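Spelled out, the chains give:
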Amino acid sequence: MSHPSNSYYTVPDEKGCFGEFGGRFVPETLMPLILKLEEEYQKAKTDQSFWEQMDYLWKHYVGRPSPMYFAERLTQHLGGAKIYMKRDELNHTGAHKINNVLGQILLARRMGKTRIIAETGAGQHGVATATVCARFGLPCIVYMGTHDVSRQAPNVFRMKLLGAEVVPVTSGRGTLKDAMNDALRDWVTNVDNTFYCIGTVAGPHPYPEMVRDFQSIIGKEAKQQMLEMEGRLPDTIIASIGGGSNAMGLFYPFLDDRDVNIIGVEAGGKGVDDRMQHCASLTGGRAGVLHGNRTYLLQDDDGQILEGFSISAGLDYPGIGPEHSWLHETKRAEYVSITDQEALAAFQKCCEFEGIIPALEPSHALAHVFKLAPNLPADHIICMNMCGRGDKDIFTVAQALGITMATTD
Ligand SMILES: *Cc1c(COP(=O)(O)O)cnc(C)c1O
């Protein structure tokens, strides 16, 4: 496919760069693996039988297409723009992660890999990977920081039920960043039989491109559904951002539709200021190198990576996918932040008005919809990505609201 030179589909270039972001900052020993992966992915990408397999599993195993839902009562309540939700929380395993995992595991099988490794923070990507590995009878090893293992016990148990081995990572502060480092080390050591399944649009090239392509099913469906339901494209699309995969998945098919406003919502935690109690890499960080690519990061004056903070464990990543950094610099997309308190309020309103318990991550996107919608005309269409369900978050929410769960009244 060829695109005009001002198209947003001309990236990444052959070095995996999105403008000055992205690339491949890896040790020499990893280079041959990365090049082989890129070659195999490019082959799969243009192989119709690969996409036929994907389509079959998306339909019968994941439950795609996910519905496009008009949130009628929230629209009435806010009294402005028309609000639609892309219902990716209805996917098998409860979020968008499985869209991408399925693609990477099918690729691993094509490459003859017999062992799958992954890293996980909140555990959602670990659960999705363990799920698809069980489906294909592949051994699955998930690296997880010790800090995350103790605060995400239900997901650790889920992974074990699904037959995965969860390896607690004690280095650093025992969070996602450290788990990613250990997974990379494992990959270097077990090159021959192992495939590293990354959970967001980060890592060295080709991962940001590959994960984006697998998640783009969200935006492709959304576009078609909006045309069917409204006869036109939405005016504004909005998604929450941890590493940025659900957002990239929704945004990508709309990048050259210049009339569509694109908004990414980062986790503002306790507020984006110099206390650094947030995870807003674009609105509160600066460019540097982490996990094999150059992008915006949370860092101190000496370039030390900072941990970040958010009520939502899934948004708790100190970086952001390089393509978002590029969309930010080229101003094709706008990036904003939403605080824990704003996300919590949106979470409650969504339960109350729509009968949908959202995950805390998309609650951030929804909170921004709440800010925008009342000031927009009734014929303005907003489409937000409801990328995960909130079952995993009810304990966090109860605690934040000061509610004791076990009551008899
Ligand atoms: C993992 C996760 C996120 C954050 O990851 P992205 O790569 O930014 O999409 C957001 N929402 C849910 C429900 C998640 O599970």
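Structural notes, computed from the coordinates. (Residues numbered from 1 in each chain as written. Predicted model: local features only at pLDDT ≥ 70, side-chain atom pairs only at ≥ 80, totals over all residues. Heavy atoms only, no water.)

1. Observations regarding the sheet that holds strand β7 (residues 165–169)
No. 1: Pairing is parallel across the open sheet formed by 4 strands, whose spatial order is β7-β6-β5-β8. Among the strands making up the open sheet, the edge pair consists of β7 and β8 (194–197). The average undirected angle you get between the axes of adjacent strands in this sheet is 25°.
No. 2: Across 4 bridges, strand β5 (residues 115–120) lies against β8 in parallel orientation. The partner of Arg115 across the bridge, within β8, is Thr194.
No. 3: Contacting β5, β6 (140–145), β7 and β8, helix α8 (residues 176–189) runs over the sheet at an angle of about 160° to β5. (Pairing = 2+ DSSP bridges. Helix = DSSP H or I, 4+ residues; strand = E, 2+ residues; numbered from the N terminus. Axes fitted to C-alpha atoms, helices over the stretch in contact; angles between N-to-C directions. Contact = heavy atoms within 4.5 Å.)

2. Observations concerning the sheet that holds strand β3 (residues 68–70)
No. 1: Pairing is mixed in the open sheet, where 6 strands are placed in the order β3-β4-β14-β9-β10-β13. With partners counted over all chains shown, the strands left at the sheet margins are β3 and β13 (334–339), one partner each. Geometrically, the sheet is characterised by an average inter-axis angle of 25° between neighbouring strands, direction not taken into account.
No. 2: With 3 bridges joining them, β3 and strand β4 (residues 82–86) adopt antiparallel strand pairing. If you follow Phe70 over to β4, its bridge partner there is Tyr84.
No. 3: Strand contacts of helix α10 (residues 217–230): β3, β4 and β14 (381–385), with the helix running at about 140° to β4, the strand carrying the most contacts.
No. 4: Running at roughly 85° to β13, helix α14 (residues 340–354) makes contact with β3, β4, β10 (261–269) and β13 of the sheet.

3. So, the site of the ligand
No. 1: Near the ligand lie 15 residues; those nearest to it are Lys97, Thr200, Gly242, Gly244 and Ser245.
No. 2: Between an oxygen atom of the ligand and a side-chain N or O atom of His96, the distance comes to 2.9 Å.
No. 3: Between the ligand and the protein, one listed contact pairs an oxygen atom with a backbone N or O atom of Gly242 at 2.7 Å.
No. 4: In terms of residue class, the shell around the ligand is built from 3 nonpolar, 10 polar and 2 charged. (Near = heavy atom within 4 Å. Polar contact = N/O pair within 3.5 Å; in protein donor to acceptor, adjacent residues only side chain to side chain. Nonpolar A, V, L, I, M, F, W, Y, C, P; charged D, E, K, R; others polar.)

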